[in-house]
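In case you want the letters, here they are:
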Amino acid sequence: MYTSFRRASFSAALLLGLSQAVPAVAQNSYFFPGTQASSFDPKVPTPEQFLGYPIGSHYTRTDQIVAYLRELDRVSDRVSLRVLGTTFEERPQVVATITTPENQQNLAQLQQDRRALHDPKLPAPNYGKLPVVVSLNFGVHGNESSSSEAALLLAYYLTASTSPETQQWLQQSVVTVDPLENPDGRDRASHWFDQNKSWPNPTDPLDREHTEAWPGGRTNHFYTDLNRDWLSLTQPESRARMAFFHEWYPNVMIDFHEMGTNGTYYFEPSKPHSTENDLIPRATYEVLNVHMAKYFSKALDNLGSLYWTKEQFDNLSPIYGSTYPDFEGGVGITFEVGSSRGLAQEGTNGVVTFPFTIRNHVATGLATVRGAVEEKELYLRHQREFFTSALSEAKKFPTKAYVFGNAADATLTNKFLAVLLQHKIQVHELGKNVTLDKQSFEQGKAYVVPTAQPQYRIVNSLFEELTTFHDSVFYDVTGWSQAHAYGLAVSKQKNANLVQGAAVQAPKTLTGEVRGGQSSYAYLLPWSDYNAPRALTALQRAGLVAKVSFKPFRAGPADHPVDFGYGTLVIPVAAQKQPADSVFQIVSRISRQNQVAFTSVTTGFSMGGIDLGSNNVRTVPEAQAALLVGNGTNASEVGEAWFVASQQLGLPLSRIELSNFGRAPLGRYTSIVLVGGTYTSLDKAAVEKLRRWVQDGGTLITLKNASEWAIKQGIVKEKLLVPANAGWADTTAAAKGKATGSRRADFVQQEQEGTRAIAGSIYLADIDITNPIGFGLTSRRLYVFRNGTTFLRPSRNPYATVAQYTAKPLVSGYVSQANLRQISNSAAVVVSKAGAGRVVLFADDPNFRHYWHGTSRLFANALLLGPLLNLPEGPAAISAEEEAH
């Protein structure tokens, strides 16, 4: 039934023998050594029988993976396949649940029974009657491709195996298999590998097959690393996965990855203490991880595969798929296998083949189920104790509640509320209007999050600062507070009942409106709402003329006037080509689509501040933006900028390959964005072309080291505090040319190099909210995320330094004292005039991982309002002495 005409050709293509691919007849014996063929139900097709080629001889597309799991669902009552959602590229996200037929008929009741594990208010359960839940997750990085192939084999084994051990596993557990955590990235990678394979295939690491083209398949459609999105939940894949996670609260959760070809195999425990979070009970790291490690090591020992533990990888924060479960009473574990990145590739341990990498993952995957079932009660009891201890830990913690919200920005407040609720955090309405820590919070527009709740540890992670660590070298970020990233007002309270109202069950349904109905004069929209920039884009694309106010004013009904701040949009009816009725219909539609509230006015005579005909109310040109992309640019930052334009602003953004820059007609663009990266591919003619475009009135927006590049190319006359790749006084003996005679000294020096990096931390800056870049912000306090070493000197023009780090800027995360001194009082954002144009220099990435909404609005302002950034002249030119300095 499952024979394919392709099988003969694919089998013939297994060119290098067992060292490079596994013949069809040997698939089961290779991937499941020691298992008899009679141990599998013949009614269940093997992946090879269904696909028409042996696993490991070809990269399987996402549609084929989904189709195979659908087939398992069809032929076996052990399997139920569910679609969780769809990706940006309309690929389905699926998860297969595998257990006994009896359990399959009773899944909802099993979930209900397991509530006693994560709800301390319920009586302790009968652990013997509860299944342990094992979650096996594959391919969050799309080009770490062996994992999804292993998912097919593991799903087959658990479905088809007739051994008594497998039957016991399924009786005592519910196993969920997410074969494609990143379907879009998976297909980008699999197409590359399949398009570039050869017969025979070269093992040379420099062969095209092994060197993916930019941006590679690691990330999703918007080049987002989905393995860093578990806490922030910015992507649809993450939100769908989180909803499913909280149906089961897995006891053991594995994230299958690949690492460099020269690596062997990694599993946890990780490096003790230095890579672990103090919020998590030590038993997670010292008992649960260690117990499972016994099963992993035995499985790999049986294969003769090398492995390592207790080094490098990170359990510090709940941003990963392998750490989030630790904060939910389970144990999350990373598997990393040395990658073939193609069918076979040479490495320091010999030729690494695709089937070999798959087999290692299959072995540890089966070992996971075995260990979870054999140690079932240990893991179930731990989860119950974890959530019970959350309440006692919260009782010791001085903060009893967090109050958050911004009355001027219902959209962003609601957006943060939605994230909290997706994490199953208990949130309450604000009971009354209050002023806390010199911040005003309005009932109905602010919320209270008590710390005394089962999700205390996630609450702490979302709101708290952390500046004390066990180490100074980190795998990733050390500051992950979402409250700071959103830029909302937050107050820590020592009395949770002081302002706590009713429990919140769901985010508010925001509806747009035009207050006051149709106007024959003008419509006003505060720029402080997160969706106001998107509304501006929509208004302009609908053909309306929009103006922006550079000064505040008071307008509206005489009995209920409204204060409108910097950046307020003004839509004058008489200035439009459409009749007043059509203008009203467009404004009404856009208000509903973007959930914003316009105010209609019947006069331009304000009750306070400027009038609507003032020269301080200026027409906003429609943005025509471009982003340079391709080899040399940071793909993640490209994706972040693209995401802001596409998803946040609804703005078409031309992505221009660096190789095409020479023939790009720059005159059609109002702004051009350069993210961090290397721009050496732009020759002198290209740089001069860009300089002339700026001088002629363009807005150049540069992030991180692209700002350094723009300064060094003379496109803008600003200064760096520390030149790139300089500023570090290396006083080690090795740096001075003195032989130490010790290999360890070199290793220590490498770790010292790690401390020089800025490990993704959070800082406080002062922002000029009267500058168009700061329009929409209601406080001068700006939290900024920083993970680079671009240090901008404040501009000589006092109006040009829009945001500047404070004298004591560190808020959360790790930074060396040397770096902290450089950051203190340096510029975060500079707007520098250049001829008729300007350059907006960001020292950092304002769009970091899509959740830094407090600073991404600065980037949005630069895109939309850049042509209006005509700064007053500053002091005289910099002196020769200062220039030399």
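Everything discussed here concerns the structure shown above.
What comes next concerns the included structure. (Residues numbered from 1 in each chain as written. Predicted model: local features only at pLDDT ≥ 70, side-chain atom pairs only at ≥ 80, totals over all residues. Heavy atoms only, no water.)

## Observations regarding the overall build of the chain
For the record, the criterion: Each helix corresponds to a stretch of at least 4 residues labelled H or I by DSSP, and each strand to a stretch of at least 2 residues labelled E; elements are numbered beginning at the N terminus. The atom set for the radius of gyration is the C-alpha atoms, and the globule formula is 2.2 Å times the number of residues raised to the power 0.38. Between two residues, a contact is recorded if the distance between any of their heavy atoms is within 4.5 Å. What sets the accessible areas is the Shrake-Rupley method with a 1.4 Å probe; for residues, cover comes only from the shown protein chains. The positive count covers Lys and Arg only, the negative count covers Asp and Glu only, and His and the chain ends enter neither. One atom stands in for each charge, and that atom is NZ of Lys, CZ of Arg, CG of Asp or CD of Glu.
Looking only at helices and strands, the chain has 26 helices and 34 strands in total. Its C-alpha atoms give the chain a radius of gyration of 29 Å, within 12% of the compact-globule value 29 Å for 885 residues. Taking the principal axes of its C-alpha atoms as reference, the chain extends roughly 90 × 65 × 60 Å. For the chain, the proportion of contacts with a sequence separation of at least 24, taken over those separated by at least 6, is 79%. Of the roughly 34100 Å² that the chain leaves accessible, carbon and sulfur atoms contribute 50%. Here the chain holds 81 positive side-chain charges and 80 negative ones, and the gap between their average locations is 4 Å.

## Thoughts on the pattern of salt bridges
The criterion, for reference: When a carboxyl oxygen of Asp or Glu is within 4 Å of a side-chain nitrogen of Lys or Arg, the pair counts as a salt bridge.
This structure, assessed with the given rule, holds 33 salt bridges. Across the pair Asp766 and Arg780 runs a salt bridge whose closest N-O atoms are separated by 2.7 Å. Within this pair, whereas Asp766 is found in strand S30 (residues 761-767), its partner Arg780 is found in the loop between S30 and strand S31 (781-786), the two being separated by 14 residues in sequence. When salt bridges with common partners are traced through the structure, they connect Glu144, Arg218, Asp225, Arg228, Asp476 and Arg849 into a single cluster.

## Re empty space enclosed by the protein
Rolled over the atoms, a probe with the dimensions of a water molecule shows which regions are left empty. Short version of the rule: Lining residues are those with an atom within 4 Å of a point, where the points come from a 1 Å grid over the protein atoms alone and group into cavities, where a 1.4 Å probe fits but cannot get out, or pockets, open sets with protein on both sides within 12 Å along at least five of seven lines. Grid points are joined across faces, edges and corners, and a volume is the space filled by probe spheres set on the points. In this classification, the charged set is Asp, Glu, Lys and Arg, the nonpolar set is Ala, Val, Leu, Ile, Met, Phe, Trp, Tyr, Cys and Pro, and all remaining amino acids, among them Gly, are polar.
Following the criterion strictly, the structure yields four cavities of 30 Å³ or more and no others. In this model, the second largest cavity occupies a volume close to 80 Å³. Forming the walls of the second largest cavity are Leu84, Val95, Ser135, Asn137, Thr176, Asp178, Trp230, Arg241, Phe244, Phe245, Pro250 and Met253. If you list the elements that add at least two residues to the lining of the second largest cavity, you get strand S3 (132-138), strand S4 (173-178) and helix H11 (236-248). No other element matches H11, which puts three residues into the lining of the second largest cavity. Considering only residue class, the lining of the second largest cavity consists of seven nonpolar, three polar and two charged.

## Points about the sheet that holds strand S22 (residues 569-572)
Formally: The criterion for strand pairing is that DSSP finds at least two bridges linking the strands in question. Fitting a line to C-alpha atoms yields each axis, with helices limited to the stretch in contact; the angle taken between N-to-C directions then spans 0 to 180 degrees.
Spatially, the six strands line up as an open sheet ordered S17-S23-S18-S22-S19-S25, and their pairing is mixed. Only two strands of the sheet have a single neighbouring strand rather than two, namely strand S17 (513-515) and strand S25 (617-619). Direction aside, neighbouring strands of the sheet carry axes that sit 30 degrees apart on average. Alignment of strand S19 (residues 547-549) against S25, held across three bridges, turns out to be antiparallel. Bridged to Lys547 within S25 is Thr619. Of the strands in this sheet, S17, strand S18 (522-525) and strand S23 (597-601) are in contact with helix H19 (residues 580-594), which crosses S17 at around 125 degrees.

## Here's the deal with unusual backbone geometry
Between Trp199 and Pro200 the backbone carries a cis peptide bond, its omega angle lying at -5 degrees. When you line up the elements, Pro200 lands in the loop between helix H10 (183-195) and H11. Glu268 connects to Pro269 through a cis peptide bond whose omega is 25 degrees. Tracing the sequence through the fold places Pro269 in the loop between strand S6 (265-266) and helix H12 (282-303). Look at Arg341: it is not a glycine, yet its phi comes out positive at around 40 degrees. Within the secondary structure, Arg341 sits in the loop between strand S7 (331-338) and strand S8 (344-347).

## Some details on the sheet that holds S4
Spatially, the seven strands line up as an open sheet ordered S1-S2-S4-S3-S5-S7-S6, and their pairing is mixed. In this open sheet, the two edge strands, each paired with only one partner strand, are strand S1 (79-86) and S6. When strand S5 (residues 252-259) meets S7, the two strands line up parallel, connected through eight bridges. Each bridged residue has a counterpart across the sheet, and for Met259 the counterpart in S7 is Gly338. Packing against the sheet, H11 makes contact with S1, strand S2 (92-98), S3, S4 and S5, and its axis sits at approximately 20 degrees to S2.

## Here's the deal with the packing of helix H4 (residues 62-75) against helix H8 (residues 146-160)
Filter applied, for reference: For this classification, under 35 degrees means roughly parallel, over 145 means roughly antiparallel, 65 to 115 means roughly perpendicular, and everything else is oblique.
Put simply, H4 and H8 touch, their axes get as near as 11 Å, and they point 5 degrees apart. In terms of orientation, H4 and H8 fall into the roughly parallel class. In this structure, H4 contributes Ile65, Tyr68, Leu69 and Leu72 to the contact, and H8 contributes Ser148, Leu152, Ala155, Tyr156 and Thr159. Here the residues of the contact of H4 with H8 sort into seven nonpolar, two polar and no charged.

## Considering the layout of surface pockets
Estimates place the volume of the largest pocket at around 1100 Å³. Along its surface, the largest pocket is lined by 41 residues, and Ala407, Ala408, Lys445, Arg515 and Pro526 are the ones closest to its centre. Elements with a minimum of two residues in the lining of the largest pocket: helix H15 (410-422), S17, strand S21 (562-564) and S23. Considering every element that reaches the lining of the largest pocket, the biggest residue donor is H15, with four residues.

## A look at the pairing of strand S32 (residues 801-812)
Sheet topology places S30 next to S32; five bridges connect them, and they run antiparallel. For Ala765, the partnering residue across the bridge sits in S32 and is Tyr805.

## So, the pairing of S7
Selection rule: Each residue is assigned to one of three classes by its accessible area relative to the maximum for its type, calculated with a 1.4 Å probe on protein chains only: buried under 20%, partly exposed between the two thresholds, exposed over 50%.
Across the eight residues that make up S7, a large majority, eight, are buried. Of the two faces of S7, the one holding Val331, Ile333, Phe335 and Val337 and the one holding Gly332, Thr334, Glu336 and Gly338 are both buried throughout. Relative to S7, S6 runs antiparallel, the two being bridged by two bridges. Bridging from a neighbouring strand, Tyr265 pairs with Val337 of S7.

## Here we look at the packing of H8 against helix H13 (residues 354-374)
To keep it simple, the criterion reads: We call a crossing left-handed when the near helix sits turned anticlockwise from the far one by less than a right angle, and right-handed when that turn is clockwise.
At a closest axis distance of 8 Å, the pairing of H8 and H13 adopts a crossing angle of 50 degrees. One element, H8, and the other, H13, form an angle in the oblique class. The two elements H8 and H13 cross, and the hand of that crossing is right-handed. Residues Ser146, Ser147, Glu149, Ala150, Leu153, Leu154 and Tyr157 of H8 touch H13, and the partners they reach there are Phe354, Thr357, Ile358, His361, Val362, Gly365 and Leu366. Taken together, the residues that form the contact of H8 with H13 break down as eight nonpolar, five polar and one charged.

## Observations concerning the packing of aromatic side chains
Spelled out, the test is: Here the aromatic set is Phe, Tyr and Trp, taking the six-membered ring for Trp, and pairing holds for ring centres within 6.5 Å; pairs whose planes are under 30 degrees apart are stacked, those over 60 apart are edge-to-face, and all others are tilted. Each ring is checked for a lysine NZ or an arginine CZ that lies within 6 Å of its centre and within 35 degrees of its normal; such an atom marks a charge sitting over the ring.
For the structure shown, the criterion picks out 47 aromatic pairs. A ring pair is formed by Phe386 and Phe387, whose centres lie 5.2 Å apart and whose planes are at 85 degrees; its orientation type is edge-to-face. Judged by its relative accessible area of 2%, Phe386 falls in the buried class. Owing to a relative accessible area of 1%, Phe387 belongs among the buried residues under this scheme. Aromatic ring contacts, followed pair by pair, group Phe138, Phe256, Tyr265, Phe267, Phe296, Tyr307 and Phe335 into a single cluster. It is Arg457 that lies over the ring of Phe386; its NZ or CZ is 4.1 Å from the centre. Seen from the ring of Phe661, Lys689 lies directly overhead, with NZ or CZ sitting 5.4 Å from the centre.

In short, the description is geometric, and any link to function would need to be established separately.
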